[in-house]
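One letter stands for each residue in the lines below.
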Amino acid sequence: MRILLVEDDRRVSAVMVSMLQRRGYDVEHAATAGAALAAAPCDLVLLDLNLPDGDGLDVCRTLRARSANLGIIAVTARAEERDRVTGLRVGADDYVVKPYSMAELQARIEALLRRATRPGPPPRDVAEVGALRVDFSARTVEVDSRPVSLTRKEFDILASLARRPGDALTRERILLDVWQTTWSGKHTLEVHVASLRAKLGRPELVETVRGVGYRLRTD
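Given the structure is predicted, the values throughout are model-derived calculations rather than measurements.

**Notes on the sheet that holds strand β10 (residues 140-143)**
And then number 1: Strand order in the open sheet formed by 4 strands is β8-β9-β10-β11, with antiparallel pairing between adjacent strands. What marks the edges here is a single partner per strand, and that holds for β8 (126-129) and β11 (146-148). Neighbour to neighbour, the strand axes of the sheet diverge by 20° on average, direction disregarded.
And then number 2: The strands that helix α6 (residues 152-162) touches are β8, β9 (132-135) and β10; relative to β9, the one it contacts most, it runs at about 105°.
And then number 3: Each of β9, β10 and β11 touches helix α8 (residues 188-200); the most contacted strand, β11, lies at about 160° to it.

Right under this line is the structure:
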């Protein structure tokens, strides 16, 4: 992992660079705000707020505007509550007040990395085919951004088609997807498809493939 250390005190920065490198981090040092903003991309910034050519809060704000995923830990002597609150509000993920131990800093780095690598919610299971939008998870349908209310079976028929847009699905395939059987009462599927087409308001979306079954048009 690559860390950018922004610290103007040469003695402090030398010690921190050495200790971080011993822990296996790739470390770049910047002694000024200008150097920090010009540095190569990194995974985490340890940012002193008292810099000779600018306020570290402005650096923090700029770095956060560049990337929402960059980890930023403010490492500073500014101990007042208003300073901590301001630092967090302008984009810092954490705030460490000097003096601090390397063990504490290491623990905060590890905690931030755990949060950054924690998996987020799974992507929504959605199909968008032309003017049609089918959200399989929420079981909602829109046509031209207009919500369409369907019965459970009507939605299941559309979902079967929408998962394979453009493919001609046999009557038996759709029955198996929706009713878990290849047999149904006479014209059951046809009646549901007719109702589905009417509710969509775009009957041409569900196309009859003669001798086969149905297809969701993609054109």
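Right, picking up where we left off after that structure.
**Digging into the UniProt feature "domain: Response regulatory" (unreviewed entry) in the protein chain**
And then number 1: On the UniProt side, "domain: Response regulatory" (unreviewed entry) is annotated at positions that read residues 2-113 here.
And then number 2: Annotated as 46% helix and 25% strand, the span residues 2-113 places its first and last C-alpha atoms 12 Å apart.

**Examining the pattern of salt bridges**
And then number 1: Using the criterion set out here, one finds 20 salt bridges in the structure.
And then number 2: A salt bridge links D58 to R61; the nearest nitrogen and oxygen atoms lie 2.8 Å apart. Remark: R61 and D58 occur in helix α3 (residues 56-66); sequence separation between them is 3 residues, near one turn of the helix.
And then number 3: Classification of R61 as partly exposed rests on a relative accessible area of 41%.

**Quick look at the packing of α6 against α8**
And then number 1: The geometry of α6 relative to α8 is characterised by a closest axis approach of 10 Å and an angle of 85° between their N-to-C directions. Judged on the interaxial angle alone, α8 and α6 are roughly perpendicular. Judged by residue contacts, K153, E154, I157 and L158 of α6 engage L189, H192, V193, S195, L196, K199 and L200 from α8.

**Comments concerning the nonpolar core**
And then number 1: Among the nonpolar cores identified, the biggest contains 27 residues, and L158 and L200 are the most heavily contacted of them.
And then number 2: Mapped by element, the contributors of at least two residues to this core are β8, β9, β10, α6, α7 (171-179), α8 and β14 (213-216).
And then number 3: Sorting elements by how many residues they give to this core places α6 first, with 6 residues.
And then number 4: Aside from chain neighbours lying at most four places away, what touches L158 is L132, V134, V141, L150, L196, L200 and L216.

**Remarks on α3**
And then number 1: Restricting attention to buried positions, one finds in α3 the residues G56, L57, V59, C60, L63 and R64. Burial along α3 is one-sided: seen end-on, the buried residues are contained in an arc of 155°. Facing away from the buried surface of α3 by more than 90 degrees, the exposed residues are A65 and R66.
And then number 2: On its buried face, α3 is in contact with α2 (33-38), β3 (44-47), β4 (50-51), β5 (54-55), β6 (71-76) and α4 (81-89).
And then number 3: The opening residue of α3 is D55, an N-cap whose side-chain oxygen sits 2.8 Å from the backbone nitrogen of L57.

**Let's talk about the sheet that holds β14**
And then number 1: Spatial ordering of the open sheet is given by β12-β14-β13, a layout of 3 strands whose pairing is antiparallel. If you trace the sheet from one side to the other, it starts and ends with β12 (169-170) and β13 (206-209), each paired once.
And then number 2: By the bridge criterion, 4 bridges tie β13 to β14 in an arrangement that is antiparallel. Residue pairing in the sheet places E207 in a bridge with R215 of β14.
And then number 3: Sheet contacts for α6: β12, β13 and β14; angle to β14, the most-contacted strand, approximately 70°.
And then number 4: Sheet contacts for α8: β13 and β14; angle to β13, the most-contacted strand, approximately 145°.

What counts as what
- Residues numbered from 1 in each chain as written.
- Predicted model: local features only at pLDDT ≥ 70, side-chain atom pairs only at ≥ 80, totals over all residues.
- Heavy atoms only, no water.
- Pairing = 2+ DSSP bridges.
- Helix = DSSP H or I, 4+ residues; strand = E, 2+ residues; numbered from the N terminus.
- Axes fitted to C-alpha atoms, helices over the stretch in contact; angles between N-to-C directions.
- Contact = heavy atoms within 4.5 Å.
- UniProt positions renumbered as here; feature names shortened; annotations may be inferred.
- Salt bridge = Lys/Arg side-chain N within 4 Å of Asp/Glu carboxyl O.
- Buried < 20%, exposed > 50% of the residue type's maximum accessible area, 1.4 Å probe, protein only.
- Parallel < 35°, antiparallel > 145°, perpendicular 65-115°, else oblique.
- Core = buried A, V, L, I, M, F, W, Y, C linked by side-chain atoms within 4.5 Å.
- Arc of directions from axis to C-beta.
- Polar contact = N/O pair within 3.5 Å; in protein donor to acceptor, adjacent residues only side chain to side chain.

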